Amino acid sequence: MGIFRRKSDGVPAIAYVIAADRPVRYGGKAPLELRLAVRAPGREPFLADHREVVARARWPWSGTLLPVLVDADRPALAGIRWREVAGFDQSAVPEFQAMAERLTGGTNVPGDGGPRDSEPEDTVPPEYRRESRDTVTELERLAALHMVGSLTDAEFEAAKRRVLDLD
């Protein structure tokens, strides 16, 4: 993991999540470890390992793209631009998946942005199953709005219940 004194020293780039820890089953924050394939302007693509404490609402899936900063002086990951993650364009996933396969020799590269195909479906909590990714995305969006103060606690709870169809 690249460490910076100031994130402003970084160059904006895009990272493809090759592997991510499974989400914690409780709220709050938890340590997250990621294996990323990173592409930055004017640099060769590279692999990076990243560790950070992350809120569950922001937990990234394997097979998704993240906006990141790369060390301006050397090819190392500086950090994830978490404020830009919600709604980040995922249309280039196939291109980045191919890049990740080249970098890793084709091993351990997910293809669909959900839990790995090797995981038995019954070990994946219902809220993270493939058919419910739209629900998870909407809940993440609501959580982000709540975190920045756009939704009150009551509005957030009501919207969450509506998305989960609990009303």
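Parameters at a glance
- Residues numbered from 1 in each chain as written.
- Predicted model: local features only at pLDDT ≥ 70, side-chain atom pairs only at ≥ 80, totals over all residues.
- Heavy atoms only, no water.
- Helix = DSSP H or I, 4+ residues; strand = E, 2+ residues; numbered from the N terminus.
- Buried < 20%, exposed > 50% of the residue type's maximum accessible area, 1.4 Å probe, protein only.
- Areas by Shrake-Rupley, 256 points an atom, 1.4 Å probe, with all protein chains shown as cover.
- Pairing = 2+ DSSP bridges.
- Axes fitted to C-alpha atoms, helices over the stretch in contact; angles between N-to-C directions.
- Contact = heavy atoms within 4.5 Å.
- Expected span 1.5 Å × (residues − 1).
- Arc of directions from axis to C-beta.

Caption draft 1: Structural detail: the overall build of the chain. When you go through the chain residue by residue, the secondary structure sums to three helices and five strands. Its helices and strands taken in sequence order, the chain reads β-β-β-β-β-α-α-α from the N to the C terminus. Expressed as a percentage of its 167 residues, the buried residues of the chain come to 39%. Summed over all atoms, the accessible surface of the chain reaches about 9,600 Å², with 52% contributed by carbon and sulfur.

Caption draft 2: Summary view of the sheet that holds strand 5 (residues 77-80). The five strands lie next to each other as 3-2-1-4-5, forming an open sheet whose pairing is antiparallel. Edge positions in the sheet fall to strand 3 (46-55) and strand 5, since each of these pairs with one other strand and no more. Ignoring which end each strand starts from, the neighbouring axes of this sheet average 45 degrees apart. Where strand 1 (residues 10-20) and strand 4 (residues 65-71) come together, seven bridges link them in antiparallel fashion. For Gly 10, the partnering residue across the bridge sits in strand 4 and is Asp 71.

Caption draft 3: Fine view of the environment of Leu 32. With respect to the helices and strands, the residue Leu 32 is situated in strand 2 (residues 29-39). Judged by its relative accessible area of 2%, Leu 32 is buried. With 28 residues separating them in the primary sequence, Leu 32 and Pro 60 have C-alpha atoms 9.2 Å apart. Aside from chain neighbours lying at most four places away, what touches Leu 32 is Asp 21, His 50, Arg 51, Glu 52, Val 54, Trp 59, Pro 60 and Trp 82.

Caption draft 4: Inspection of helix 1 (residues 93-104) at higher detail. Taking 1.5 Å of rise per residue, the 12 residues of helix 1 would be expected to cover 16 Å, and the 16 Å separating its terminal C-alpha atoms lies within 8% of that figure. Taken together, the buried positions of helix 1 are Val 93, Phe 96, Gln 97, Met 99 and Ala 100. Projected down its long axis, helix 1 carries its buried residues within an arc of 160 degrees, all on one side. Away from its buried face, by an angle of more than 90 degrees, helix 1 presents the exposed residues Pro 94 and Arg 102. Packing partners of the buried residues in helix 1 comprise strand 1, strand 2 and strand 4. After helix 1 finishes, the residue Gly 105 shows a positive phi value of roughly 75 degrees.

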